[in-house]
Amino acid sequence: MPEQLMQQIVNGLLIGFMYALIAIGLTLIWGVMNIVNFAHGDFLMVGMFTSFWLYTLYGLDPLFSIPICTLLLFVMGLLIYRFIVSKVMAGPMLAQLVVTFGVSIFISNLAVYWWSPDFRLIAKPLLSGTWDISGVQLSIPKTVASIGSIVTSLFVFLFLKKTKTGKAILATEMDREAALLMGINTERINSLSFGMGAALVGIAGAFLSTYYYIYPQVGGVFGTIAFCVVALGGFGSISGAFIAGILVGLVQTLGGFFFDPSYKYAIVFMIYLITVWIRPQGLLGW
Amino acid sequence: MRTKWVSIMCVSLFAVLFLTVSVFAQQPKTIKIGAVYPLTGNIASTGLDCRRGAELAVDIINGKYNLSLPLAKTEGIPNLGGAKLELVFADTKGEPKNGMSETERLITQEKVVAIIGAYQSSVTKTASQATERLKIPYVCSDSSSPTLTERGFKYFFRVSPHDAIFAKDQFQFLKDVEKKTGKKINSVALLYENTEFGSNVGKYAAQYAKEFGYKVVADVSYPANATDVTSEVGTLIKAKPDILMHASYITDAILFTKTFKELNFTPMGITTFAGYIEPGYLPAVKADGNYIVIRSTFALDLAKKKPLIGQVGELFKKKYGVEMSENAARSFAAPFVLADAMNRAKSTKSEDIVKALLTTDIPGDQMIYPWKGIKFDPKSHQNIYATGTLVQIQNEKYVTVWPFDAAPAEVIWPFPPWRGRK
């Protein structure tokens, strides 16, 4: 029993770190622009397919395709912001809501058209198998992805706190008009954070592709959980998203283990509802 | 002057309309059949597969083929002046609400005379509520929830076996395999996705487990679109069952297979429903799918005993470049059953088709399934001859292993441990 419990805690942490990494990009975009990026899950899918195709066509392992995924998604995010999202930023709230939704539908259907709805896995990734640590099975690719998630989150956190651009992003997040008055080019900050948000989920996609199957609709399931994580952690809070991601992962596996697995998502969303009830701004939101 | 122009225009317009109508009337008319499938969404790959099966069936009915299938040797439907069938597809996105609305749209706007498809039982359930209300025949050959034919619907017919039959088969298989190998089986764990399909399998499996004298040591349901199933597998490992019985769709089948391996879950046998036989499954998991047993109504290796299966399999491969799968084979049945009924009814009116469907009697040698034939129960409208077989994945291929006397391959039992496989 303690061995099984340890196993579930480990599993919860491993999936939680992945949720956290996916959610960080989303919370950044949300925080800075007050825009719900419904296409976030689809960005993840593009990241996963990028590393899949780099592997299939050029034999490049997902671990090494991380920089390419990051760059590609950054550029994609930038372009989508410049040519689509920025056009409706001044428009009504509903237009802002609908635009990323449209982008989401467009991207996932384009993926079905180009790559067919089939399920794909990276056949022989560099990382595979499990470590057996006194009876507890530790998946190697998931562990490496978790380390990647911690490093990336730390990097984003430090970037926002220590660099001038990072501080400008935080300032825009807190008060757009004040930031504008202080001479911050908020339009540039917008496109930068949209690009960064996309790039971060690109990293998540590359890591996820080492152990998860890839198909055009994969973004849907992870996207929904990412929204829950962001809302739980507090809109725009990087550390909040990180903690909430791990929390959701742990609650999901332990809840499923102690009660009945069919309740696991109900428990996750119940905790979310309770949090919102007590602290509407989320755990670390302001 | 102006009125003269208007009247000339009117007359010529009428003339054109009249001509087109008479031109159309001379050609054999086309009969529209609505096909509702999940063409996008989570199980779009399955939907595509079903679509291909139905399309090939309509091709064979409309063209001339030297096959022993109903209406294959003639073009179109002979008793309706050689009328051709036309499939009108609608996308359910795998959701019950779309199943109903798309079916309604097909009937009221596209004017289809019958409905086939849906694949997911939960979607078939709502779609068939629409056909029942609008009084249009629905021939289903790809959904397997037993409740679908327990509702006493007048317009709903099912060709393929349902999960109660499949569940019973699996327990019969366990009894047989116990006898064959001498390895005693005491307990089973039930694992199923929580919609219409899975939960019904769970219900029937629990019932048959009792009947066949096996102890159910775990009863686990889960949402099919889960991103992580380690807690489910943890619960299974805790229960230490001899046999795992799993009803899944495709994404969860892939995820569970990977998690079984990762957490080293090795019961004596894993017997499954649906997800593990979908064409996307094996390419995704490759050798990790080996030794899993799946319920089936079709397998290409049955061609050794029934050449028709090989011939249809060839046609399918030529047309789509991939092997015919179980899903495609199941969806393949409905157009034939409908065409046969319309041919005998000499009509496309609902009531006539339903009447003809009730007297359907297609012999076993005119089908690609290992059944005695197709004949509907007058009350439930379930095909009384539909039975299942079991296939096992061996060397990354599906081979039929049960019933033992009819199967071309031997079952590999017990399930070899994950660690130490090549």
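Chains are numbered independently. Their residues run from 1 in the order of the written sequence. Lettering of chains starts at A and numbering of ligands starts at 1, both following the order in which they are written. Totals for whole chains, interfaces and linings use every residue, but because this is a predicted model, local features are given only for residues with pLDDT of at least 70 and side-chain atom pairs only at 80 or more, for both listing and counting. Based on all heavy atoms of the structure, the side-chain values leave hydrogens and waters out of the count.

The secondary structure listing takes helices from DSSP runs of H or I that are at least 4 residues long and strands from runs of E that are at least 2 residues long, numbered from the N terminus. Per the secondary structure count, chain B includes 13 helices and 14 strands. Residue contacts follow a heavy-atom distance rule, with two residues in contact if any of their heavy atoms lie within 4.5 Å. The contacts in chain B between residues at least 6 apart in sequence include a share of 69% that link residues at least 24 apart. In chain B, 52 side chains carry a positive charge and 41 a negative one; their mean positions are 3 Å apart. Counting rule for charge: Lys and Arg are taken as positive, Asp and Glu as negative, and neither His nor the chain ends is counted. To locate a charge, take NZ of a lysine, CZ of an arginine, CG of an aspartate or CD of a glutamate.

With that settled, consider the environment of serine 153 of chain A. Residue and element names in this part refer to chain A. With respect to the element layout, serine 153 can be found in helix α5 (residues 140-162). Judged by relative accessible area, serine 153 falls into the buried class, the value being 6%. In the structure, serine 153 is positioned 36 residues away from proline 117 in sequence and 32 Å away in space, judged by C-alpha atoms. Leaving out residues up to four positions away in the same chain, serine 153 has contacts with Ile24 and Phe242. Classification of residues uses two cut-offs on accessible area relative to the type maximum, computed with a 1.4 Å probe and protein chains only: under 20% is buried, over 50% is exposed, and between them is partly exposed.

Take the sheet that holds strand β9 (residues 269-274) of chain B next. Residues and elements named next belong to chain B. What makes two strands pair is DSSP finding at least two bridges between them. Ordered in space as β7-β6-β8-β9-β10-β13-β14, the seven strands form an open sheet in which the pairing is mixed. Each edge of the sheet is formed by a strand with only one pairing partner; in this case those strands are β7 (215-222) and β14 (397-402). The average angle at which neighbouring strand axes cross in this sheet is 25°, direction not considered. Sheet analysis places β9 next to strand β10 (residues 293-296), joined by two bridges and oriented parallel. Within β10, the residue paired with threonine 271 across the bridge is valine 293. Relative to β7, helix α7 (residues 230-239) is tilted by about 175°, and along the sheet it contacts β6 (187-193), β7 and β8 (243-248). The strands that helix α8 (residues 250-262) touches are β6, β7, β8 and β9; relative to β8, the one it contacts most, it runs at about 150°. Every axis corresponds to a line fitted to the C-alpha atoms, with the helix fit spanning only the stretch in contact, and the corresponding angles, defined between N-to-C directions, vary from 0 to 180 degrees.

Now for helix α13 (residues 350-358) of chain B. Residue and element names in this part refer to chain B. Restricting attention to buried positions, one finds in α13 the residues Ser350, Ile353, Val354, Ala356 and Leu357. Along the axis of α13, the buried residues cluster in a sector spanning 165°; they form a single face. On its buried face, α13 is in contact with β4 (138-140), β5 (156-158) and α12 (333-345). Here, the arc refers to the directions that run from the helix axis to the C-beta atoms.

Let's shift gears to the domain arrangement of chain B. Residues and elements named next belong to chain B. For chain B, the assigned domains are domain 1 (30-161 + 305-374) and domain 2 (164-296 + 389-402). Counting from both sides, the interface comprises 20 residues of domain 1 and, opposite them, 18 residues of domain 2. With both chains or domains summed, domain 1 and domain 2 bury close to 1,600 Å², and 58% of this area falls on carbon and sulfur atoms. Throughout, buried area stands for the accessible area (probe radius 1.4 Å) lost by two parts on being put together, summed over both. By the criterion of area lost to domain 2, the three top residues of domain 1 are Pro146, Pro161 and Glu326, representing 28% of everything that side buries. Between Lys or Arg on one side and Asp or Glu on the other, a salt bridge is scored when a side-chain nitrogen of the former is within 4 Å of a carboxyl oxygen of the latter. Along the contact surface separating domain 1 from domain 2 lie one salt bridge. With its nearest N and O atoms 3.1 Å apart, the salt bridge here joins glutamate 196 to lysine 125. For the purposes of these results, a polar contact is taken to be a pair of N or O atoms within 3.5 Å, where, inside protein, one atom must be able to donate a hydrogen and its partner to accept one; residues adjacent in sequence count only when each atom of the pair is a side-chain atom. At the junction of domain 1 and domain 2, the tally comes to eight residue pairs in polar contact (both at pLDDT 80 or more). Going through the elements one at a time, α2 (44-62), α4 (121-134) and α11 (326-331) are the ones with two or more residues in the side of domain 1 that touches domain 2. Residue ranges for the domains originate in an automatic or database domain assignment.

Residue and element names in this part refer to chain B. A cavity, in this analysis, means grid points on a 1 Å lattice covering only the protein atoms where a 1.4 Å probe fits yet has no way out; a pocket is instead an open set bounded by protein on both sides within 12 Å along at least five of seven lines, and a residue lines either one if it has an atom within 4 Å of a point. Grid points are joined across faces, edges and corners, and a volume is the space filled by probe spheres set on the points. If you walk through the whole model with that rule in mind, you get three cavities of 30 Å³ or more. Volume-wise, the largest cavity comes out at about 70 Å³. Lining the largest cavity are Leu69, Pro70, Phe332, Ala333, Phe336, Val337, Ile362, Gln366, Met367, Ile368, Tyr369 and Ile374. Each residue receives one of three labels: charged for Asp, Glu, Lys and Arg, nonpolar for Ala, Val, Leu, Ile, Met, Phe, Trp, Tyr, Cys and Pro, and polar for the others, Gly being one of them. Considered class by class, the residues forming the lining of the largest cavity number 11 nonpolar, one polar and no charged. Considering only enclosed or pocket space, the second largest cavity measures out at about 50 Å³ in volume.

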